[in-house]
Amino acid sequence: MSGPNSEYDPVEVTPLGDEQVATARDEALAAIEAAADLEALKQVRTAHAGDRSPLALANREIGALPPQARKDAGRRVGQARGAVAQALAERQAVLEVEHEERMLVEETVDVTLPVDRLPQGARHPLTTGAELIADVFVAMGWEVAEGPVIEAEWLNFDALNLGPDHPARTMQDTFWVDPPEHHVVLRTQTSPVQARTMLERPPPIYVVCPGRVFRTDEYDATHSPMFHQVEGLAIDEGITMAHLKGTLDHFAARMFGDGISTRFRPSYFPFTEPSAEVDLRCFVCRGVDSEECRTCKGEGWIEWGGCGVVNPRVLTACGVDAERFTGFAFGMGIDRSLMFRHGVNDLRALFEGDVRFTTAFGSEL
Ligand code: DAH
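Note that the structure is predicted; figures quoted are calculated from it, not measured. (Residues numbered from 1 in each chain as written. Predicted model: local features only at pLDDT ≥ 70, side-chain atom pairs only at ≥ 80, totals over all residues. Heavy atoms only, no water.)

A.B. asks: So what about the pairing of strand 9 (residues 301-310)? Which residues, and what values?
C.D. replies: The buried count for strand 9 comes to 9 of 10 residues, which makes it a mostly enclosed element. Two strands pair when backbone bridges link them, and strand 9 and strand 10 (residues 326-333) are joined in this way by 5 bridges, in the antiparallel orientation. Opposite Gly305, over in strand 10, you have Met332 as the bridge partner. (Buried < 20%, exposed > 50% of the residue type's maximum accessible area, 1.4 Å probe, protein only. Helix = DSSP H or I, 4+ residues; strand = E, 2+ residues; numbered from the N terminus. Pairing = 2+ DSSP bridges.)

See below:
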């Protein structure tokens, strides 16, 4: 900035000339008008109203004028700066409204658009089903036990009172593992886990054993050479069939809904005496007007599995004192349970890995 003129100087300081001020103002107004968005306007503000803008520089020169000239120059520069400031404010307001409107349009979410996110997948219904079953029993203080799928013939059959010539052996068409003289099978039932558990630890025993089993069945809508069972075993002092019934009623209610109970029909299994087939109250019709019911096919009951009081011969074979302890056992098909729980007609759907099936039933259990 130049120092104040000591005497009147008729030649005014150049930036303060009438024309220069008008030009600076007009250029500023034109630039403001042309600013298309808030970012552009910000730059215009710096260029035309900032500290180093022509009008700001002109303003600074006023002090350098002789006193008589200051008023006039001050008024002109002041008016020009005022006009620019006003134009800036007006343009700012207009652009802000425009910006807001544009954001509203650009950021609008069309909730009707199809979703193209990657599918998340789901856990398989057999996995979640087995976990649900385990949870029901763990909540009662039971433990989950597992055994190998390649099993000793003795544990799969003999220990369970199915001697070599027992006719019931033929009920379970067995895969034998070579060489035959090693007497190894793919387990035909989860029952050998009962024998393993009794051999491993002293009573009291309360275990559930979900797992895969194998039989030389055709692969069709209701059979598969590999399927899943869950076995239960309770060994303690004073265990009776009443405990078995109460346990299965609770299991049924937790899996199929409150009030769904079971009934026993006399049956035969070598490892239990007495033995029963256990049926489940149909959880769709609940036994009322069953004729129309497609789930229980008019029966009011659904076949669920086998059960009974553990045969003392099995206790003895597995090292349990049959004079002191009694027990109950049961076994059901997990696949079958899931099929009627979800109204699935074809067993193969459980094994063929179609994600449409898995997502429909996998995550819900
Ligand atoms: N293991 C039998 C089967 O595969 C099912 C079964 C019946 C298991 C009665 C048991 C039981 O524990 O007590 O057909």
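A.B. asks: Now, about the nonpolar core: what can you tell me, with residues and values included?
C.D. replies: Within the largest apolar cluster, 39 residues are counted, with the highest numbers of intra-cluster contacts made by Phe251, Leu280, Trp304 and Phe330. Taken together, the elements giving at least two residues each to this core come down to helix 5 (125-138), strand 6 (226-236), helix 8 (241-256), strand 8 (272-281), strand 9, strand 10 and helix 10 (334-342). Among the elements that take part in this core, helix 8 stands out by supplying 6 residues, more than any other. Every residue in contact with Leu280, bar those within four places of it in the chain, is listed here: Ala252, Phe256, Ile260, Ser261, Gly300, Trp301, Ile302, Trp304 and Phe340. (Core = buried A, V, L, I, M, F, W, Y, C linked by side-chain atoms within 4.5 Å. Contact = heavy atoms within 4.5 Å.)

A.B. asks: Could you give an account of the environment of Ala35, with specific residues and numbers?
C.D. replies: Secondary-structure assignment places Ala35 in the loop between helix 1 (18-34) and helix 2 (38-49). Once the C-alpha coordinates of Ala35 and Arg70 are considered, the two residues, 35 residues apart in sequence, prove to be 33 Å apart. Other than its neighbours up to four places away in sequence, Ala35 contacts Ala40, Leu41, Val44, Arg91 and Leu95.

A.B. asks: So what about the site of the ligand? Which residues, and what values?
C.D. replies: The immediate surroundings of the ligand are formed by 16 residues, with Gln189, Gln194, Arg215, Gln229 and Glu231 found nearest. One of the backbone N or O atoms of Ala329 is found 3.2 Å from an oxygen atom in the ligand. Secondary structure elements with two or more residues in the shell around the ligand: strand 6, strand 9 and strand 10. (Near = heavy atom within 4 Å. Polar contact = N/O pair within 3.5 Å; in protein donor to acceptor, adjacent residues only side chain to side chain.)

A.B. asks: Can you break down the pairing of strand 7 (residues 262-269) residue by residue, with the values?
C.D. replies: Two faces, one strand: in a regular strand the side chains alternate between the faces of the sheet. In terms of strand pairing, strand 7 meets strand 8 through 7 bridges, oriented antiparallel. Bridge assignment links Arg265 to a residue of strand 8, and that residue is Glu277.

A.B. asks: I'd like a rundown of the packing of helix 5 against helix 10, residues and numbers included.
C.D. replies: Look at helix 5 against helix 10: their axes get within 10 Å of each other, and the N-to-C directions meet at 100°. Our classification of the angle between helix 5 and helix 10 gives roughly perpendicular. Here helix 5 contributes Pro125, Leu126, Gly129, Ala130, Leu132 and Ile133 to the contact with helix 10, which in turn contributes Ile334, Asp335, Leu338 and Arg341. Split into classes, the residues belonging to the contact of helix 5 with helix 10 amount to 7 nonpolar, 1 polar and 2 charged. (Axes fitted to C-alpha atoms, helices over the stretch in contact; angles between N-to-C directions. Parallel < 35°, antiparallel > 145°, perpendicular 65-115°, else oblique. Nonpolar A, V, L, I, M, F, W, Y, C, P; charged D, E, K, R; others polar.)

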